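As a plain string of letters, each chain reads:
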Amino acid sequence: MSVRTIFPAKGLKGEITIPGDKSISHRSVMLGSIAYGTTEITHFLEGADCLSTIDCFRRMGVEIEKKPGRILVRGKGLRGLLAPTDTLNVGNSGTTTRLMAGILAGQNFSSVMSGDASLNSRPMKRIMTPLNRMGAHITSIHDNGCAPLKVEPGVLHGIHYQSPVASAQVKSAVLLAGLYADGETSVTEPALSRNHTELMLQSFGADVTSVMHTDGSATAIVKPCKELYGQQICVPGDISSAAYFIAAALLVPGSELLIKNVGTNFTRAGFLEVCKSMGADITLLNQSFEGGEGRADILVRSGDLKGTVIEGDLIPALIDEIPIIAVMAAHADGTTVIKDAAELKVKETNRIDTVTGNLKAMGGRIAPTDDGMIIEGGPPLTGTHIQSYLDHRIAMAFAIAGLTAQGETVIEDSQCVDVSYPEFFATLEKCRN
Ligand code: S3P
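As the structure is a prediction and not an experimental result, all values here were calculated from the model.

### A word on the environment of V419
Tracing the chain through its elements places V419 in the loop between β24 (409-412) and α12 (424-431). Owing to a relative accessible area of 9%, V419 belongs among the buried residues under this scheme. Measuring from C-alpha to C-alpha, the distance between V419 and G91 comes to 9.4 Å, with 328 residues separating the pair along the chain. When near neighbours in sequence (up to four residues on either side) are disregarded, V419 contacts K22, G47, A48, D49, N92 and H392.

Right under this line is the structure:
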């Protein structure tokens, strides 16, 4: 178990590159594995979660080769995966578990998925309900609605699913199973969640359409598919990882940081909206598109922030950034209210609890609510011992808080950043003065 001590910083300067997007990296291995032909992935995120996905598909007979700077996935076709001889270890990764459930539901073999203690306590009924309604046979082995999950062969039918939550993992599980169904499958969610699965399925040759409704809800529709075709994918930098450095450069006086090649897909870029509404000095440069995914270099200069309200349809576009937004809010002038974010309770930790507990421990003024939190900005934070609770986003958010805190901030179990950003502390060292 490792511990990191963070000292106050003077000003962050220079240019950094952010590792590949976690959501897109997972999907590129999954679709590559069930496509016909080879998929070449560059700027793949070699974080623990995505390595869990690689390991699972290798166990189902997919040859996945790591070359310098790229990953080659020799796809087996939609129906070419082999029965794994052992439990598929999904580690800490909800994305691996939920998306892969959609793929496993369409196979003619049985499989079991299990992960670490955090993963095995996260809700899986949200995918079991729609997938079983399609004809899948997925059971929770301990009958508690959580992994380990057993997936047995079933014949899948197209359904329309009205999802109670805006969750890309739920939507993606249903769409991936829909590839194997005997008719059209659609999912309506109360607000649009990240659309990487829809975009990538389209580029692999699937028939996928998306409709936005006037009330803010969104429907994605997939037709049954005969074959997907391997692609070349260049993964953009992960905006969820970039957010820590954007926040750091905003908060540490005297900073000017250029963050290169960050994914700016609008279903993920809610953090940038929040930065703007807090009055941040942020400029997007060199904007481009590839495979439907936007990307840009982001120039950030430090400055004063003001409180804001974050709610409604914006929440799915920044759900993973809320811990670092809370840290920013603690430095802002005025009050920040975060609501409609009850999903925070079912992340790697209950992030309403872990954010409030840690921010309070540093002297921040924060109150938890049923669906978010209220933060009064202002008083300087004080360094202390921070529990990461093995949640990568909690470890990184509070390491950034430590840059402006008085005294030392100690992050316990800091190695958990490996889940999404193994180079996090090295990059932080590189750009601090
Ligand atoms: C993800 C979707 C989000 C997000 C998670 C990654 C994905 O989860 O929090 O880190 O890659 O689809 P939900 O679908 O549960 O909102």
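Structure's up, so let's keep going.
### Quick word on the pairing of strand β17 (residues 281-290)
By the bridge criterion, eight bridges tie β17 to strand β18 (residues 293-301) in an arrangement that is antiparallel. Across the sheet, residue F289 finds its bridge partner in β18, namely G294. Counting the residues that bridge the hairpin from β17 to β18 gives two residues, and of these G291 lies at a positive phi of roughly 60°.

### Remarks on the domain arrangement of the protein
Put simply, an interface is often sized by how much accessible area is lost when its parts join up. Segmenting the protein into domains produces domain 1 (4-20 + 236-432) and domain 2 (22-234). Computed from C-alpha coordinates alone, the two centres of domain 1 and domain 2 are separated by 28 Å. Contacts between the two partners involve 31 residues from domain 1 and, on the opposite side, 26 residues from domain 2. Between domain 1 and domain 2, the buried area comes to about 2300 Å², and carbon and sulfur atoms account for 51% of it. Contact with domain 2 buries surface across domain 1, with R268, E348 and V419 losing the most and accounting together for 22% of the total.

### What to know about the site of the ligand
In the vicinity of the ligand, the residues found are S23, R27, T95, S167, A168, Q169, R194, I319, D320 and K347. Contact with the protein chains removes 94% of the 380 Å² of surface that the ligand exposes when unbound. Elements represented by at least two residues in the shell around the ligand include exactly α1 (22-33) and α5 (168-178). Residue contributions to the shell around the ligand reach at least three from each of two domains, namely domain 1 (4-20 + 236-432) and domain 2 (22-234).

### Notes on the nonpolar core
Grouped together as the largest cluster of nonpolar side chains are 73 residues, with contacts concentrated most on F245, I246, I259, M373, F398 and F424. Per element, the largest residue contribution to this core is eleven residues, and it comes from helix α7 (residues 239-251). Once residues within four sequence positions are removed from consideration, F424 is found in contact with Y244, F245, M396, A399, I400 and V417. Formed by 66 residues, the second largest nonpolar core is a distinct cluster that contains M124, M128, V170 and V208.

### Here we look at the pattern of salt bridges
Per the stated rule, a full pass over the model turns up 23 salt bridges. One salt bridge in this structure joins R268 and D238, with 2.9 Å as the shortest N-O distance. Highlighted residues: R268 in the loop between β16 (256-263) and α8 (270-277) and D238 in the loop between β15 (232-234) and α7, separated in sequence by 30 residues. Both residues of the pair, R268 and D238, belong to the buried class. A salt bridge links E311 to K339, with the shortest nitrogen-to-oxygen separation between them at 3.6 Å. In this pair, E311 sits in the loop between β19 (309-310) and α9 (322-331) while K339 sits in the loop between β20 (335-338) and α10 (351-361), placing the two residues 28 residues apart along the sequence. A relative accessible area of 33% means that K339 is categorised as partly exposed.

### Here's the deal with the packing of helix α3 (residues 94-104) against α5
Where α3 meets α5, the axes come as close as 6 Å, and the angle between the chain directions of the two elements is 25°. Here α3 is positioned roughly parallel relative to α5, judged by the angle of their axes. The chirality of how α3 crosses α5 is right-handed. Between α3 and α5, the residues in contact are G94, T95, R98, L99, G102 and I103 and Q169, S172, A173, L176 and A177, respectively. Of the residues belonging to the contact of α3 with α5, the class tally is five nonpolar, five polar and one charged.

### Here's the deal with the pairing of strand β21 (residues 365-369)
The side chains of a regular strand alternate, residue by residue, between the two faces of the sheet. Examined bridge by bridge, β21 and strand β22 (residues 372-376) share five bridges and lie antiparallel to one another. Looking across to β22, one finds that P368 is bridged to M373.

### Regarding the sheet that holds strand β23 (residues 385-386)
The sheet built from three strands is open, its strands ordered β1-β24-β23 with mixed pairing. In this open sheet, the two strands that pair with only one neighbour each are β1 (3-6) and β23. Across four bridges, β1 lies against β24 in antiparallel orientation. Following the sheet pairing, V3 is matched in β24 by E412.

Rules of the game
- Residues numbered from 1 in each chain as written.
- Predicted model: local features only at pLDDT ≥ 70, side-chain atom pairs only at ≥ 80, totals over all residues.
- Heavy atoms only, no water.
- Helix = DSSP H or I, 4+ residues; strand = E, 2+ residues; numbered from the N terminus.
- Buried < 20%, exposed > 50% of the residue type's maximum accessible area, 1.4 Å probe, protein only.
- Contact = heavy atoms within 4.5 Å.
- Pairing = 2+ DSSP bridges.
- Domains from an automatic or database assignment.
- Buried area = accessible area lost by both parts, 1.4 Å probe.
- Near = heavy atom within 4 Å.
- Areas by Shrake-Rupley, 256 points an atom, 1.4 Å probe, with all protein chains shown as cover.
- Core = buried A, V, L, I, M, F, W, Y, C linked by side-chain atoms within 4.5 Å.
- Salt bridge = Lys/Arg side-chain N within 4 Å of Asp/Glu carboxyl O.
- Axes fitted to C-alpha atoms, helices over the stretch in contact; angles between N-to-C directions.
- Parallel < 35°, antiparallel > 145°, perpendicular 65-115°, else oblique.
- Left-handed = near helix turned anticlockwise from the far one by under 90°.
- Nonpolar A, V, L, I, M, F, W, Y, C, P; charged D, E, K, R; others polar.

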